[in-house]
Amino acid sequence: MRIEPGQVAVVTGGASGIGYGLAAGLGSRGVKIVLADIRQAGLIEATTALTALGVEVLGVVTDVGDPESVAHLADSTMGHFGRVDIVCNNAGVVGAQAPMWEQQPQTWQWLINIKLMGVVHGVTTFAPLLLQHGTGHFLNTASAGGLMPLPTMTPYNATMHAVVGLTETLNLELRAVAPGVGASVLCPGRVATGLGTNSQALEPSVGAAATGNPQDLAGSVLDPAELAELTVAGIAADAVHIVAGAGVAAGAQARMDSLLRDLDLGA
Ligand SMILES: NC(=O)c1ccc[n+]([C@@H]2O[C@H](COP(=O)([O-])OP(=O)(O)OC[C@H]3O[C@@H](n4cnc5c(N)ncnc54)[C@H](O)[C@@H]3O)[C@@H](O)[C@H]2O)c1
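Residues numbered from 1 in each chain as written. Predicted model: local features only at pLDDT ≥ 70, side-chain atom pairs only at ≥ 80, totals over all residues. Heavy atoms only, no water.

Convention followed: UniProt positions are given in the numbering used here, feature names are shortened, and annotations may be inferred rather than shown by experiment.
The protein carries the name Short-subunit dehydrogenase in an unreviewed UniProt entry, which gives Williamsia limnetica as its organism. Of the comments in the UniProt record for the protein, the one headed Sequence similarities (unreviewed entry) reads "Belongs to the short-chain dehydrogenases/reductases (SDR) family."

Given below as structure tokens:
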């Protein structure tokens with residue numbers, strides 16, 4: 001999709017990290033931003049910072065796990081800007097690390113509600129608006145953990161695989177009825193953000209400990225601004241998968257090799 005000044009992008013989880021980086025990257029291209037986050041204080045800080053950068057921005061407190069809250073986000077977007085072109089379903093959290101048999105049901109429910117159903121609510125709410133417009137794009141944030149196994153992170157791993165799968169299918173469904181509307185899934189490796197800290201603050205009983213990065217992938221840590229540039233280029237190129245970070249391609253390749261080897265054995 002061609003990104004142009006005057007377009008409007010909604011970014012969930014936009015108060016921090018990858019979402020904030022995307023908002024700043026799109027905003028620097030003249031795209032107007034609707035910044036959505038569950039943390040009101042963080043949202044005020046982020047909208048103030050974007051405004052100082054010259055970005056036209058509206059902040060809307062939103063819980064992506066609640067369909068009514070996402071409907072309010074869409075109403076606010078249309079009421080304020082009158083259009084929407086890009087929807088970044090990016091909000092997310094991470095749970096405590098443990099082998100699958102020690103993961104708590106609350107951790108599963110929390111991650112499924114935000115990381116999977118948050119994307120579902122974003123798509124079901126905004127797809128009619130993009131289709132009516134005839135052009136537009138969804139960017140769903142998953143993770144390298146949606147392309148390979150991530151030991152000690154099964155709830156995260158499972159929801160990220162789900163977001164990769166639903167986005168591949170969604171893109172085909174959208175293109176079939178409106179060739180100018182599509183979807184991409186963002187699968188980064190490690191990114192320097194406050195994911196662990198924010199998750200623990202939001203849900204102290206199940207959020208990941210603030211120490212260290214939750215994603216145990218080899219290689220360097222991406223900067224959110226650098227990731228935003230790669231992502232904007234990926235959207236402009238209509239890439240279905242936007243993959244970034246050291247070790248991610250090798251991990252995904254190893255998973256595919258293992259699958260193909262097992263298929264060969266069964267043949
Ligand atoms: N940081 C990494 O290494 C990394 C790697 C791959 C994928 N990701 C994914 O990227 C996305 C963004 O994470 P980040 O690393 O920028 O973390 P972050 O904590 O900096 O940003 C996530 C934002 O989402 C918000 N949020 C949480 N629950 C919400 C809800 N219910 N409704 C609305 N907003 C909510 C948080 O308040 C926070 O501002 C997540 O989905 C994460 O899983 C992160």
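Text resumes after the structure shown.
Description of the packing of helix α3 (residues 67-81) against helix α4 (residues 105-133)
Short version of the rule: An axis is simply a line fitted to the C-alpha atoms; with a helix, the fit covers only the stretch in contact. Between two such axes, the angle follows the N-to-C directions and lies from 0 to 180 degrees. Runs of H or I in DSSP of at least four residues are treated as helices and runs of E of at least two as strands, each being numbered from the N terminus. These descriptions rest on fixed angle ranges, namely under 35 degrees for roughly parallel, over 145 for roughly antiparallel, 65 to 115 for roughly perpendicular, and the rest for oblique. Note on convention: near helix rotated counterclockwise from far helix by under a right angle means a left-handed crossing. Clockwise means right-handed. Any two residues whose heavy atoms approach within 4.5 Å are treated as being in contact. Side-chain classes are defined by residue name, with Ala, Val, Leu, Ile, Met, Phe, Trp, Tyr, Cys and Pro counting as nonpolar, Asp, Glu, Lys and Arg as charged, and the others, Gly among them, as polar.
The interhelical angle for the contact between α3 and α4, taken along N-to-C directions, is 30°, at an axis separation of 9 Å. In terms of orientation, α3 lies roughly parallel with respect to α4. α4 is crossed by α3, and the crossing has right-handed handedness. Here Pro 67, Val 70, Ala 71, Leu 73, Ala 74 and Met 78 of α3 lie close against α4, whose contacting residues are His 121, Gly 122, Thr 125, Phe 126 and Leu 129. Grouping the amino acids of the contact of α3 with α4 by side-chain chemistry returns eight nonpolar, three polar and no charged.

Some words on the pattern of salt bridges
The test is simple: In what follows, salt bridge is the name for a side-chain nitrogen of Lys or Arg lying within 4 Å of a carboxyl oxygen of Asp or Glu. Note on exposure labels: buried denotes an accessible area under 20% of the residue type's maximum, exposed denotes more than 50%, and partly exposed covers the range between, all computed with a 1.4 Å probe on protein chains only.
Going through the model one piece at a time under the given rule, you end up with five salt bridges. Residue Arg 29 is joined to Glu 229 by a salt bridge in which the shortest nitrogen-to-oxygen separation is 2.6 Å. Linking Arg 29 in the loop between α1 (17-27) and β2 (32-37) with Glu 229 in helix α7 (residues 224-236), this pair joins segments that are 200 residues apart in sequence. Overall, the relative accessible area of 38% leaves Glu 229 in the partly exposed class.

Looking at helix α2 (residues 40-52)
Under the convention used in this document: Take the number of residues in a helix, subtract one, and multiply by 1.5 Å to get its expected span.
For α2, which comprises 13 residues, the first-to-last C-alpha distance of 18 Å matches the rise-based estimate of 18 Å (1.5 Å per residue) to within 8%. Close packing links the buried residues of α2 with α1, β2 and β3 (57-61). Gly 54 sits one or two positions beyond α2 and adopts a positive phi of about 90°.

Quick word on unusual backbone geometry
One non-glycine residue, Thr 152, lies in the positive phi region at around 75°. If you trace the backbone, Thr 152 turns up in the loop between β5 (136-141) and α5 (154-177). On the accessibility criterion, Thr 152 (32% relative accessible area) is partly exposed. Backbone geometry places Asp 238, a non-glycine residue, at a positive phi of 55°. For Asp 238, the location among the structural elements is in the loop between α7 and β7 (241-244).

A short note on α1
Most of α1 is tucked away, with ten of its eleven residues classed as buried. Restricting attention to buried positions, one finds in α1 the residues Gly 17, Ile 18, Gly 19, Gly 21, Leu 22, Ala 23, Ala 24, Gly 25, Leu 26 and Gly 27.

Examining the site of the ligand
Stated formally: Nearness of a residue to a molecule or strand requires only that one of the residue's heavy atoms be within 4 Å of it. A 3.5 Å cut-off defines polar contacts: any pair of N or O atoms within that distance qualifies, except that in protein one atom must be a possible hydrogen donor and the other a possible acceptor, and neighbouring residues in sequence count only when both atoms are side-chain atoms. Here, Shrake-Rupley sampling with a 1.4 Å probe gives the accessible areas, and only protein chains in the shown set may cover a residue. Only protein atoms enter the calculation, which uses a 1 Å grid: trapped sets of points that fit a 1.4 Å probe without letting it out are cavities, open sets showing protein on both sides within 12 Å along at least five of seven lines are pockets, and any residue with an atom within 4 Å of a point is a lining residue. Molecules are considered to sit inside a cavity or pocket once more than half of their atoms lie within 2 Å of its grid points.
In the vicinity of the ligand lie 31 residues, with Ser 16, Asp 37, Lys 115, Tyr 156 and Thr 193 positioned nearest. Between the ligand and Ile 18, the relevant distance is 2.8 Å, taken from an oxygen atom to a main-chain nitrogen or oxygen of the residue. Ile 38 places a polar main-chain atom, nitrogen or oxygen, 3.3 Å from a nitrogen atom of the ligand. In the complex, 99% of the free accessible area of the ligand, which totals 820 Å², lies under the protein chains. Structurally, the ligand is housed in the largest pocket.

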